[in-house]
Structures are given as C-alpha cells and as structure tokens.
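Observations on the three-dimensional arrangement
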Amino acid sequence: MKDTYHRPDPDQLLAALQSENAEAKRGKLKIFLGYVAGVGKTYAMLEAAHQRKAEGMDVVVAYVETHGRAETENLLQGLEVLPRQQVEYRGTQLTDMDLDRVLSRQPQLVLVDELAHTNAPGLRHPKRFQDVEEILSTGIDVYTTVNIQHLESLNDIVYQITGVRVSETIPDRVFDEAYEIELVDLPSDELIQRLKDGKVYVPEQAARAIEKFFRKGNLTALREMAMRRAAERVDTQMRTYMQSRAIPGPWAAGERILVSISSHPLGERLIRAGRRLADDLNANWFVLFVETPGHLTMPPENRARIEHNLLLAENLGAHTFIVSGNSVADEIVNFCQKHNITKIVAGRPYRNRIQEFFKPSIIGQILRKSGRVDVYIISEDQVTLHPVRIRRWHLRPSVRRYALSIIIVGIATLINMMIHPYLDPINLVMIYLAGVVIVAVFLGRGPSMLASFLSVFVFDFFLVEPRFSFAISDTQYLITFLGLLLVGLIISNSASLLRDQVETLRKRDNQTQALNRFSQALTGAVTLEEVLNIVQENINDVFTRESMILLPEKGKLVPKASTSGFVLSDEELAVAEWSFKNGMPAGHGTDTLSAAEVRYVPLKTSRGVIGILGIKPQEQNSFLSPDQRELLISFASLSALAIERARFAEDALQTETLRTAERLQSALLNSISHQFRTPLATITGVLTSLDLSENDREGQNQLDASTRITLIKSATDQAQQLNRLVENLLDMTRLEAGAIHLFQETSDLQDLIGAVIHQMTDILGNRHVDIRLPVDLPNVWIDLALTGQVLINLLENACKYSPSDTPITISAQSWANQVAVLVSDQGIGIPEDDLERVFDKFYRVNHPNQVTGTGLGLSICRGIIEAQGGKIWAQNNPNLGVTITFTLPVLPAVQKEAEVHERREA
C-alpha cells in the first residue's frame with residue numbers, strides 16, 4: 001500500500017511533462033517584484049543582467065526607464081541598448097519599445113521595464129505585457145519589473161487602502177506563468193527618506209507623493225501584499241514539486257469556486273474577489289453568467305459591461321460560461337452540482353425595503369437552494385458604484401403598439417356594451433381577458449399591462465352600476481376588479497415571457513441551423529476551390545461581413561478567395577501575417593493591432609495554423625457579439641478541417657498520379673524491352689548472315705538469291721513492326737499531352753475502309769474481309785488519317801486474336817446524327833470482366849497463343865475516337881469472337897448546305 005501511496009498521479013505527471021515541454025520551447029520570464037516605485041526593481045534587474053552577460057549570455061536592453069537616477073543610468077553602461085520606436089500621436093512624438101527590432105535581433109535575454117505600461121496608440125499591442133508574451137513565444141528570455149498594485153485581482157484592495165485607482169494593470173496569469181519571481185524589498189522608512197532626498201521623484205513631485213500616496217500606512221500595507229504574494233508563489237512552486245515527485249504530504253481536498261455575475265457594475269469586484277479567494281485556497285474557479293429571456297432587450301451598455309467582465313475573468317485565469325434559463329438561482333445551483341462547486345461568490349446590489357418585500361432577491365434564493373455549498377456575499381457600495389440601468393419591464397418605445405392596445409380595449413368595450421343587457425357584468429370580464437391575451441401575444445408586455453389597467457377602469461365606468469361613474473354600489477365588484485387586474489397582469493407577463501423565450505430559442509436555432517448548413521455544405525465539397533467558395537459564401541451570409549481566406553504559398557500568405565472588391569493593403573497583410581505566425585486573433589475588435597479594419601482569425605488544426613480567415617464589417621464601429629464570436633470560432637474550426645481535408649485529397653491524388661505514372665513507366669519499359677528484343681534480334685541476325693555471305697571469299701557460306709530475298713523480307717517485316725510500335729508510342733504520348741490537332745472534313749466511310757484494306761494487304765494476307773455498308777450511309781465529319789489509324793489498329797487486333805482462316809466483318813449503321821462502325825472477328829472473345837479494361841494503356845488479354853503486343857492499340861483508338869466526339873466499346877458475339885464498335889459524327893446540316901453552295905460556286 002505504501003508503494004501505491006507514493007506513486008505519482010498519472011494525470012499530474014502527464015500535466016507536468018506537458019508543462020515542461022511547453023516551457024522548453026518558450027522563453028523564461030523573470031519578474032522583479034516591488035511594492036511601490038523607488039524600491040530598486042530596475043536597479044536589481046540591471047545588476048542581474050550584468051551577471052548574465054558576464055556568464056556569456058547575449059543581453060540587450062529593449063526598454064528601461066531610469067527616471068533620471070544617476071546610479072541606474074550608470075548600470076546601463078556596458079549593455080547593448082536597442083533604439084526605441086518613435087510614434088506620433090496628436091502632434092506629439094512618443095517613444096516606446098521597438099518590438100520588431102527585438103524580434104529581428106534575437107538575443108538570449110532582453111530587458112523590458114514597467115510590464116504594466118500602456119503602449120502608445122497605433123502600436124501592435126495596447127499593453128506592454130502582450131509585447132513581452134510575443135517575445136517569450138519566440139524563445140527569448142525576458143527580465144521585467146512590476147509593482148504589486150498593478151495586479152488586476154488586487155485593484156479593488158489597492159483602491160481601498162490608498163484611495164487611488166490604478167489604471168494600468170496586468171492579468172494575474174502573466175504573474176503566475178513567470179518562471180521566477182524576485183522580491184525587491186526596502187523598508188518603508190528608508191523609502192520615504194529616499195523620496196525626501198529626491199532619489200525617487202523631483203522635489204515638487206516628492207512632496208505631493210508623500211502627502212497622497214507614499215504614506216507609511218499605505219506603504220506598509222502594499223509591502224505586506226507583495227511579500228504575501230511572493231510567499232504564495234514560493235508555496236505553489238513547492239507543492240508543485242512535491243506533487244510531481246510523489247512526496248507524501250497532507251493534501252487537502254480541492255476547492256472549486258463559482259463567481260456569479262450579471263450586468264451590474266458590481267461584477268468587476270466579484271471577479272477580483274473570486275480571483276483572490278481562488279489564490280488563497282489554491283482552487284479552480286469559474287465565472288458564470290445566466291442569460292434569461294429578459295436579457296434580450298438589455299441596454300447596449302449593460303451588454304458591453306457583461307462582455308468586459310467575461311474578458312476580465314478570462315484574463316485573470318477563470319473558466320467562463322454562459323448558460324440560458326428562466327431562473328438565475330436554479331441555473332447557478334445546477335451548475336454547482338454539475339461542476340462540483342464548493343463555494344459561490346455572489347453580489348447583493350443595493351435594494352430598498354419595498355423592493356425586498358415585493359420581489360425576493362436572487363441571493364436569498366441561492367441561499368435557500370445551495371445546500372452545503374458555501375456562499376460568499378459581496379454588497380454594493382453606493383459611493384463607488386454607478387447605478388445600473390435595467391429596463392425591467394422592457395417597455396417598447398413604439399407608440400403604435402400602445403395605440404393598438406387602447407383600440408383593442410375599446411373594441412372589447414363595444415362588444416360588452418352590445419351584449420350587456422343579456423349577460424351579468426361579471427361574465428363580461430372574459431371579453432376583457434381575451435383582449436389582454438391578444439395584446440400580450442402580439443404587442444408585448446408594456447401594451448398588455450396598459451390593457452389590463454384600462455380594462456379595469458373601463459369595466460367599472462361603463463358596465464358596473466352605477467354606470468358612467470367610478471362609484472361602486474356592490475362591494476363584490478372589488479374582488480372582480482382585483483381579479484381582472486391580477487389575471488391580466490399575470491397573463492401579460494407570461495405571454496411576454498413566452499415571446500422572449502421563443503425569441504431566444506429562435507436566435508439559438510438560427511445559429512445552430514447556420515452551423516449545420518455550413519457543415520453539410522463542406523461535407524459535399526471535394527476540391528479546395530469548392531471549400532473556399534462555401535466558406536466565403538456562408539461567412540458573408542451569416543455575419544453580413546466581407547470575408548477573405550488567405551493560405552500560405554511559398555512562405556507568404558496569399559488571398560485564395562474573397563468577396564468581390566475586397567482587397568487588403570500592405571498594412572492589413574502585415575496584421576494577417578502576424579496572426580498566422582502567432583496563431584492568435586488580431587485586428588478589428590481584438591486586443592492586438594485593433595486599429596486594423598479587418599478581424600483575422602487563425603484556421604487551426606492538429607497540424608497547426610494552416611491559414612487565416614479575415615472578416616471586415618460594413619461599418620468600422622460594428623463589433624461581433626459574444627455569441628457571434630463563438631459562432632465565428634466554430635466556423636473557423638470547420639473551415640480549417642475542410643481545407644486540410646481538401647489538401648490531403650489533393651496530395652493523395654498527386655501521390656496516386658505519381659504511382660500510376662511509375663507503374664505505366666515500368667509497364668512501358670517492360671513492354672518495349674520485350675517488343676523491341678525480337679525484331680532487333682531478327683534484323684541483327686539477317687544483317688549478320690548477309691555480311692558473312694558477302695565477305696566469304698571461299699564460297700562456303702554464300703547464300704543463294706531466294707534465301708537472300710527471304711532474309712531481307714523478314715528483316716523488312718520486323719523493321720515495319722518496330723516502326724508501328726514507335727508510331728503507337730508517339731500517338732499515345734501526343735494523346736495524353738493533348739498535342740493531337742484534328743483536321744476534320746467531310747469523308748466517305750466506304751472510301752476510307754477501302755483505302756485501309758488496301759494498305760493492310762500484307763497483314764491481312766489471304767484473310768477475307770466482309771464489308772457490309774448501307775447504300776444510303778451519310779458522310780461523316782472526321783480526321784481521315786486518325787480514323788484510318790483506328791481501323792488499322794482494330795483490324796490488326798482482329799488478326800491477332802482470331803484464326804487466320806476466319807473472316808473479319810466491317811459493317812456500319814446510321815444513328816440520327818452519328819454513324820456506328822462495327823469490326824467483328826470470330827476469335828475466342830474477351831472475358832466479361834475485361835471488356836472495359838481492354839481500352840486501358842498496356843492492358844492485354846491473356847491468350848493461349850501468347851500473342852505479342854504492347855497493349856496500346858485499343859487505348860489509342862479510344863483517344864482518337866473520343867477526341868472526335870465519338871465513343872468506342874467492345875462486346876462479345878453470341879457465338880464466337882468479339883465486336884468493337886465506335887461512333888463517328890455526321891456532317892452537320894448547316895455545314896452540309898454551305899459545302900454544297902461552295903461546290904456550286906466553284
């Protein structure tokens with residue numbers, strides 16, 4: 001059991017190995033942490049840089065702010081300082097770190113001061129820590145400095161202590177991912193003395209700083225925070241080391257924290273509090289936003305606040321979720337059960353007693369339903385928070401709908417006045433309820449509420465005795481009025497809620513259908529061009545934006561598909577290149593190069609980034625909503641997979657083409673070597689015999705005349721066979737290369753067949769050729785020479801595969817605008833499975849007589865016939881042999897009339 005206990009957790013071991021592999025490729029970040037300006041962070045960083053340089057490292061200074069301190073400036077001596085980048089902003093020249101110069105210089109270690117600094121407008125990243133992350137991704141180590149008050153999760157605490165809101169912050173994940181943290185400490189009294197001596201600020205600034213910020217109480221609190229955070233960092237490293245090496249220890253059960261946010265400004269405080277609690281407990285934490293149907297009509301500023309809070313949570317290292325439901329409390333409790341949440345952090349906005357009485361708070365519902373889950377409540381501070389604007393009743397500003405609501409109540413009143421003599425007044429209430437339902441379903445919540453109130457007053461005024469007054473003679477009508485009002489309000493609220501739910505479902509359903517249509521369309525795409533066209537069309541339709549797809553080609557991104565008229569400038573292409581290189585979104589609506597007009601999304605697969613998808617809004621101020629961003633990511637993932645699949649298909653096709661070419665080359669060499677060997681051997685033997693006969697002076701080996709003629713005829717036949725073989729190879733090559741040019745003309749098929757038979761007298765010998773042509777056979781529109789070659793090849797093929805004493809039949813039939821020519825023999829035929837394959841290159845049917853040939857004759861025939869617009873096929877005869885049929889086009893009627901006219905003129 002002890003061995004099992006000390007054995008490391010496989011999941012933790014795998015995570016540690018993956019983390020080490022990632023860190024091996026990434027540069028190391030060392031942070032010199034202080035609690036306030038003036039403690040000596042930059043000084044300590046420069047001293048460490050000199051030590052690294054003395055050890056042989058290539059060290060450069062990208063950005064160091066000395067603030068005019070002589071001792072700090074002296075430490076810059078001996079270090080390579082890169083020139084800064086000049087940026088013009090509103091007529092003022094600003095200087096900042098030149099990121100591209102650092103990346104092109106590629107040192108081993110670079111110094112970047114003031115990590116939380118905000119970059120000058122127009123630079124690639126809005127924050128300096130993003131520049132540092134890009135430097136680290138290239139494998140370069142970075143030394144940097146930061147004060148504890150610049151951590152995002154401590155922003156509220158620092159404000160509470162010092163009364164100063166720090167605007168420049170860094171995400172806590174940057175701090176957590178640092179390879180090493182070095183605490184630079186200085187006693188508070190000594191720091192204040194340095195400030196008075198002018199070693200931190202100039203005297204005028206020092207006086208104001210001591211009065212407002214550099215008070216001893218503030219410095220002591222900040223110093224404690226820096227020490228605690230550094231200690232937590234060391235403790236985390238220690239526990240990670242123990243876990244990775246299975247060192248036994250008192251491990252506690254893991255905590256999981258949920259932060260519930262809404263559109264209220266209190267959300268930022270909740271997120272930062274959740275981050276601090278997660279750090280204290282070393283717990284995983286989640287941020288949840290529950291979207292109810294009422295959020296459909298949320299003001300734009302509230303939706304923007306939600307997006308900002310979710311982005312803040314992601315930067316602080318949280319796992320963010322958005323779920324939909326009718327009850328916020330129920331969805332929170334369900335989320336806790338599903339994700340094993342142990343603690344909930346929620347906010348309690350300010351509410352007066354009347355609001356608490358009529359509508360219970362969500363906090364109360366969570367407390368009742370949370371069970372054993374601990375709930376941490378953070379109350380709203382009215383002094384520091386601005387009131388939130390929420391249109392709880394979602395009144396629609398359309399006057400027309402309210403006017404229609406009044407008209408419907410008026411119509412119900414007219415109906416009731418007509419039937420009033422026949423029914424009791426209480427029964428007339430149903431007419432008003434029907435009107436309220438109609439208004440709620442078709443006009444919305446606000447008009448339906450108006451209809452409910454108007455129905456009560458109109459019913460009292462026109463239908464309840466005494467009529468035409470608001471006096472009530474019978475107190476039982478009070479219950480009727482109250483019931484009408486309550487039922488009307490409930491119906492209007494329920495109907496409006498149903499409308500909102502339907503609208504939410506419709507919105508989600510539209511997104512799902514768009515994604516399904518896109519996926520189905522990509523499934524049917526085969527070529528890369530089809531995939532790119534489908535991606536572009538769907539992006540344009542779903543997001544109403546111009547789009548462009550860029551793929552790498554010869555080391556550069558090249559537009560492969562784009563909306564008509566959509567062209568990228570050199571600056572935009574540079575942004576796309578950066579996004580492709582770093583695998584991160586960039587451009588419009590992102591934190592990187594946000595001044596660009598186009599948003600660039602990397603197309604990622606398991607092989608890495610394979611391209612870039614760029615979308616351009618019709619208006620520069622138009623941004624994607626969170627749902628649209630998620631949908632765009634899904635579109636990009638599907639697009640990347642489809643593009644990768646299309647490229648794999650192209651590569652497979654090219655590979656198969658190369659394999660086929662290799663097989664054909666091998667078959668060609670084998671066939672040629674075999675076919676050339678026999679004729680060459682025969683010709684060589686004949687020439688040798690003739691040479692010996694000519695040089696034999698004693699007459700022992702001299703040949704008589706008849707023998708010499710026989711040998712010469714044999715050599716001639718073999719030479720002709722070689723000539724036909726070479727001609728077949730050349731014809732096949734020209735067919736495959738498309739180099740055969742047709743010279744079609746009007747031809748008489750009977751004349752062509754006669755000329756071919758005359759030309760093949762030696763090959764046919766005594767074999768009988770039966771020609772069966774109809775008398776009214778029309779002329780054909782063909783290339784005489786090529787079509788004659790087809791007939792020659794077919795007749796040679798029939799002679800090879802049929803007995804010499806059997807006839808060969810050539811017949812023809814007229815079909816509409818075509819003429820079919822049939823060549824039949826009485827040989828052994830072709831196996832059924834080979835009827836199609838006989839027209840393939842180098843394919844030969846197995847024959848017991850071992851017929852010689854290259855297997856090119858029928859393939860050449862098919863190429864020539866198809867080039868002239870015809871077809872060719874083979875079929876076995878009912879008795880013996882095979883018939884090969886090919887079709888030829890008949891001369892078009894218009895062209896026939898033209899030729900007749902030309903002949904008459906001639």
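Going along each chain's sequence as written, the residues are numbered from 1 onward. In keeping with the predicted nature of the model, local features appear solely for residues at pLDDT of at least 70, side-chain atom pairs appear and are counted solely at 80 or more, and the whole-chain, interface and lining totals rest on all residues. Side-chain metrics in this entry use all non-hydrogen atoms of the structure; hydrogen atoms and water are not considered.

Focus on the overall build of the protein chain
Quick reminder of the rule: What counts as a helix is a DSSP run of H or I of at least four residues, what counts as a strand is a run of E of at least two, and both are numbered from the N terminus. Buried, partly exposed and exposed residues are distinguished by accessible area as a fraction of the type maximum, computed with a 1.4 Å probe on protein chains only: under 20%, between the cut-offs, and over 50%, respectively. By definition in these notes, contact holds between two residues if any of their heavy atoms fall within 4.5 Å. Note on areas: Shrake-Rupley with a 1.4 Å probe; residue coverage comes only from the protein chains shown.
For the protein chain, the helix and strand inventory stands at 29 helices and 25 strands. The burial tally for the protein chain puts 42% of its 906 residues in the buried class. The contacts of the protein chain with a sequence gap of at least 6 include a subset with a gap of at least 24, amounting to 70%. When the accessible area of the protein chain is evaluated, it comes to approximately 49400 Å², of which 54% is carbon and sulfur surface.

Digging into the confidence of the model for the protein chain
Cut-off, in case you're wondering: Every residue is assigned a pLDDT by the predictor, reflecting its confidence on a scale from 0 to 100.
With 78% of its residues at a pLDDT of at least 70, the protein chain reaches an overall mean of 78. Model confidence for the protein chain, summarised as mean pLDDT per element, is weakest for helix H1 (residues 2–6) at 39 and strongest for strand E6 (residues 109–112) at 95. Between residues 248–253, whose pLDDT stays under 50, and residues either more than four places distant or in other chains, the model counts eight contacts. In the predicted structure, residues 383–397 sits below a pLDDT of 50 and forms 36 contacts with residues beyond four places in sequence or in another chain.

A word on the environment of Lys507
Relative to the elements of secondary structure, Lys507 occurs in helix H20 (residues 476–524). Classification of Lys507 as partly exposed rests on a relative accessible area of 30%. For the pair Lys507 and Asp627, spaced 120 residues apart in sequence, the C-alpha to C-alpha distance is 9.9 Å.

Observations concerning the pairing of strand E18 (residues 608–616)
The test is simple: Strand pairing is defined by DSSP finding a minimum of two bridges between the two strands.
Sheet topology places strand E14 (residues 546–553) next to E18; five bridges connect them, and they run antiparallel. Bridge pairing in E18 links Ser547 to Ile615. By the bridge criterion, seven bridges tie strand E17 (residues 599–605) to E18 in an arrangement that is antiparallel. Its bridge partner being in E18, Leu603 is matched across the sheet by Gly611. With antiparallel pairing between neighbouring strands as the criterion, E17 and E18 make up a hairpin whose turn holds two residues.

Regarding the sheet that holds strand E9 (residues 256–261)
To keep it simple, the criterion reads: The convention used is that axes are lines fitted to C-alpha atoms, helices contributing only their stretch in contact, and that angles between N-to-C directions extend from 0 to 180 degrees.
On the basis of which strands lie adjacent, the open sheet formed by five strands has the order E11-E10-E9-E12-E13 and parallel pairing. Of all strands in the sheet, those with a lone pairing partner are strand E11 (319–324) and strand E13 (374–379), marking the two edges. Adjacent strand axes in the sheet meet at a mean angle of 25° when their direction is disregarded. Bridging between E9 and strand E12 (residues 343–348) involves three bridges; their strand directions are parallel. Looking at the pairing, Ile257 lines up with Lys343 of E12. Sheet contacts for helix H12 (residues 267–281): E9, strand E10 (284–291), E12 and E13; angle to E9, the most-contacted strand, approximately 175°.

Quick word on the nonpolar core
For soluble globular proteins, the rule of thumb is that nonpolar side chains tend to be buried together. Heads up, the rule is: Put simply, a nonpolar core is a bunch of buried Ala, Val, Leu, Ile, Met, Phe, Trp, Tyr and Cys residues held in one set by side-chain atoms that sit within 4.5 Å of each other.
Residues Tyr35, Val110, Leu111, Ile135 and Ile148 are the most contacted members of the largest nonpolar core, which totals 60 residues. In this structure Ile135 touches Met97, Leu99, Val102, Leu103, Val110, Ile140 and Val142, once residues within four positions along its chain are discounted. Counting residues in hydrophobic clusters, the runner-up holds 42 residues, among them Leu791, Leu835, Ile884 and Phe886.

Points about the packing of H12 against helix H13 (residues 300–315)
Short version of the rule: Roughly parallel covers angles under 35 degrees, roughly antiparallel covers those over 145, roughly perpendicular covers 65 to 115, and oblique covers all other angles. Handedness of a crossing follows from how the near helix is turned relative to the far one, being left-handed for an anticlockwise turn of less than a right angle and right-handed for a clockwise one. Residue polarity is assigned by list, with Asp, Glu, Lys and Arg as charged and Ala, Val, Leu, Ile, Met, Phe, Trp, Tyr, Cys and Pro as nonpolar; anything else, Gly included, falls into the polar class.
Relative orientation of the contacting elements H12 and H13 amounts to 15°, with a least axis distance of 10 Å. As judged from the angle between their axes, H12 and H13 are roughly parallel. Seen along the crossing, H12 lies across H13 with a hand that is right-handed. Seen from H12, the contacting residues are Gly267, Glu268, Ile271 and Arg272; seen from H13, they are His308, Asn309, Leu312 and Ala313. Across the contact of H12 with H13, the residue classes break down as three nonpolar, three polar and two charged.

Some points on the pairing of strand E1 (residues 29–34)
In terms of burial, E1 is a largely internal element, six of the six residues being buried. Here E1 shows two buried faces, one formed by Leu29, Ile31 and Leu33 and the other by Lys30, Phe32 and Gly34. In the sheet, E1 pairs with strand E7 (residues 141–147) via six bridges, with the strands oriented parallel. For Gly34, the partnering residue across the bridge sits in E7 and is Asn147.

Remarks on unusual backbone geometry
Unlike most non-glycine residues, Gln106 shows phi in positive territory, near 50°. In this fold, Gln106 is placed in the loop between helix H5 (99–105) and E6. Despite not being glycine, Glu114 has its phi angle at roughly 55°, a positive value. Positionally, Glu114 belongs in the loop between E6 and helix H6 (128–137).

Re the pattern of salt bridges
For side chains of opposite charge, pairing can occur when their charged atoms come near one another. Keep this limit in mind: The term salt bridge refers to a pairing of a side-chain nitrogen on Lys or Arg with a carboxyl oxygen on Asp or Glu at a separation within 4 Å.
Under the defined criterion, the tally for this structure stands at 27 salt bridges. With a shortest N-O distance of 2.2 Å, Arg124 and Asp100 are connected by a salt bridge. Pair noted here: Arg124 is in the loop between E6 and H6 and Asp100 is in helix H5, with a separation of 24 residues, a long-range link. A residue is classified by how much of its surface remains accessible, and Arg124, at 17% relative accessible area, is buried. Judged by relative accessible area, Asp100 falls into the partly exposed class, the value being 44%. Close ionic contact of Arg275 with Asp172 constitutes a salt bridge, the shortest N to O distance being 3.5 Å.

Some words on the packing of aromatic side chains
As a reminder of what qualifies: Here is the rule: rings of Phe, Tyr and Trp (six-membered ring for Trp) pair when centre to centre is within 6.5 Å. Planes less than 30 degrees apart are stacked, more than 60 are edge-to-face, and the remainder are tilted. Over a ring means this: the NZ of a Lys or the CZ of an Arg is within 6 Å of the ring centre and within 35 degrees of the ring normal.
A full pass over the atoms with the stated rule returns six aromatic pairs. Each ring, one from Phe286 and one from Phe321, has its centre 6.1 Å from the other, and the planes form 40°; the classification is tilted. Of this pair, Phe286 sits in strand E10 while Phe321 sits in strand E11, and the two are 35 residues apart along the sequence. Residues Phe286 and Phe335 carry aromatic rings whose centres are separated by 6.1 Å and whose planes lie at 75° to one another, so their mutual orientation is edge-to-face. Of the two residues, Phe286 sits in strand E10 while Phe335 sits in helix H14 (residues 328–339), which places them 49 residues apart along the sequence. As far as the burial class goes, Phe286 and Phe335 line up, both buried. Three or more aromatic residues joined by ring pairs form one cluster here, namely Phe286, Phe321 and Phe335. The residue whose ring lies beneath Arg84 is Tyr63, and the NZ or CZ to ring-centre distance is 4.0 Å.

Points about a nonpolar patch on the surface
Filter applied, for reference: Only residues whose relative accessible area exceeds 30% and that form no salt bridge are eligible for patches; like-charged ones are grouped when within 9 Å, while nonpolar side chains (Val, Leu, Ile, Met, Phe, Trp, Tyr) are grouped when within 5 Å.
On the surface, a cluster of nonpolar side chains totalling about 380 Å² of accessible area is made up of Ile407, Ile411, Ile415 and Met418. Here Met418 lies in helix H17 (residues 399–419). By relative accessible area, which is 59% here, Met418 ends up exposed.

Focus on helix H28 (residues 857–867)
If you check which residues of H28 are buried, you get Gly857, Leu858, Ser859, Ile860, Cys861, Ile864 and Ile865. Trailing H28 by a residue or two, Gly869 shows a phi angle of about 85°, which is positive.

Here's the deal with the sheet that holds strand E24 (residues 872–876)
The strand order across the open sheet formed by five strands is E20-E22-E23-E25-E24, and the pairing between neighbours is mixed. The sheet terminates laterally at strand E20 (769–772) and E24, the two strands that pair on one side only. Neighbour-to-neighbour, the strand axes of the sheet open up by a mean angle of 20°, direction not taken into account. Direction of pairing for strand E22 (residues 808–815) relative to strand E23 (residues 818–824): antiparallel, over a ladder of seven bridges. Bridging from a neighbouring strand, Gln813 pairs with Ala820 of E23.

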